[in-house]
Amino acid sequence: MLTVVRSLYGAYVALVFSVSALSTWAIAAIIPGIDRRRAIARAGARTFFALAGLRIDVDGLGHLPAAPCLVVANHASYVDGVLMTAVLPPRFAFVIKNEMQSVALMGRFLTWIDSLFVERRDVQQSAADARRIMRAAKSGTPLAIFPEGTFKQPAGLMTFRQGAFRVAARLELPVIPVTITGTRKILPDGGRLPRFARIRVVIDSAVISGNTETLIAGCRQAILARLGEPDLDEQQTAASGAGRQADVRAP
């Protein structure tokens, strides 16, 4: 019986998301202006969570400065992007992996709200992307990013990509760590139908430094303290070190 209820709920949430997404896309298509389209995106995201019965508890909104900043959040689920759209003020621009441009309808919508697409594999293109991020930050646009770049099935915080942190360090932007819990249960990597879970978003005070490594370490520490999941970056570093030692000792 529980399995049937979960399946029915998952199908309902999937339907709600499809209708909400298409409605938001259609409205944004006829409403000009980035600010208005971002406001529409936020309203659409909030409507989805409300109709899905997914309550969002948010703590620390007062830590978001009015000045330019960089918000970084852990990434665990397909719904994280929609969640951050619902939570953050519409003045934020999202930094998103370049592959999303090729997703039908979604890529066009993300372009309409002036998202910044970044290439993760091409070094030269990554450098050009970093310059675009810097121009956006200098113009006064606050930015939001999932610095892990993706998410996978094992629970834990993966390695942070450094590009946006380098920009923040150079411009001495405040970097705001955000911890998301609950979404991994809703729709994780490999998940087929959404499940119910309580969502909590905690926005911590800013980390400010002119050093990239200090920014990354401070944000990881803040997120791990609230996440309740392992540090996969630390585990990978330890495993790599053990592997190198084994190679040295091998005859």
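Attention here is on the structure that accompanies the text. (Residues numbered from 1 in each chain as written. Predicted model: local features only at pLDDT ≥ 70, side-chain atom pairs only at ≥ 80, totals over all residues. Heavy atoms only, no water.)

**Things to note about the side chain of T183**
Mapped onto the secondary structure, T183 falls in helix 7 (residues 183-186). Engagement of the side chain of T183 in a polar contact is seen with the side chain of D80, the distance being 2.7 Å. (Helix = DSSP H or I, 4+ residues; strand = E, 2+ residues; numbered from the N terminus. Polar contact = N/O pair within 3.5 Å; in protein donor to acceptor, adjacent residues only side chain to side chain.)

**Remarks on the pairing of strand 2 (residues 70-73)**
Taken residue by residue, a regular strand's side chains alternate between the two faces of the sheet. Neither face of strand 2 is left uncovered, since the one carrying L70 and V72 and the one carrying V71 and A73 both have all their residues buried. Bridge count between strand 2 and strand 5 (residues 143-145): three bridges; the pairing is parallel. The partner of V72 across the bridge, within strand 5, is I145. (Buried < 20%, exposed > 50% of the residue type's maximum accessible area, 1.4 Å probe, protein only. Pairing = 2+ DSSP bridges.)

**A look at the pairing of strand 6 (residues 175-181)**
Buried residues dominate strand 6, accounting for six of its seven residues. As paired strands, strand 2 and strand 6 are joined by four bridges and run parallel to one another. When the sheet's bridge partners are listed, V71 is paired in strand 6 with I176. Where strand 6 and strand 7 (residues 199-203) come together, four bridges link them in antiparallel fashion. The residue of strand 7 that forms the bridge with I180 is V201.

**Points about the packing of aromatic side chains**
In this structure the tally under the stated criterion is seven aromatic pairs. A ring pair is formed by Y9 and F196, whose centres lie 6.2 Å apart and whose planes are at 75°; its orientation type is edge-to-face. Residue Y9 is found in helix 1 (residues 2-30), and its partner F196 is found in the loop between helix 7 and strand 7; the two are separated by 187 residues along the sequence. By relative accessible area, which is 46% here, F196 ends up partly exposed. In textbook terms, an aromatic cluster arises when at least three aromatic residues are bridged by ring pairs, as seen for F17, F48 and F49. In this arrangement the basic side chain of R220 is found over the ring face of F160, its NZ or CZ atom lying 4.7 Å from the centre. (Phe/Tyr/Trp six-rings, centres within 6.5 Å; stacked < 30°, edge-to-face > 60°. Lys NZ or Arg CZ within 6 Å of the ring centre and 35° of its normal.)

**Focus: the side chain of D204**
Here D204 lies in the loop between strand 7 and helix 8 (212-227). A polar contact of 2.9 Å, which involves the side chain of D204, links it to the side chain of R226. If we skip the residues at most four places from it in the chain, D204 touches H63, I176, P177, A222 and R226. (Contact = heavy atoms within 4.5 Å.)

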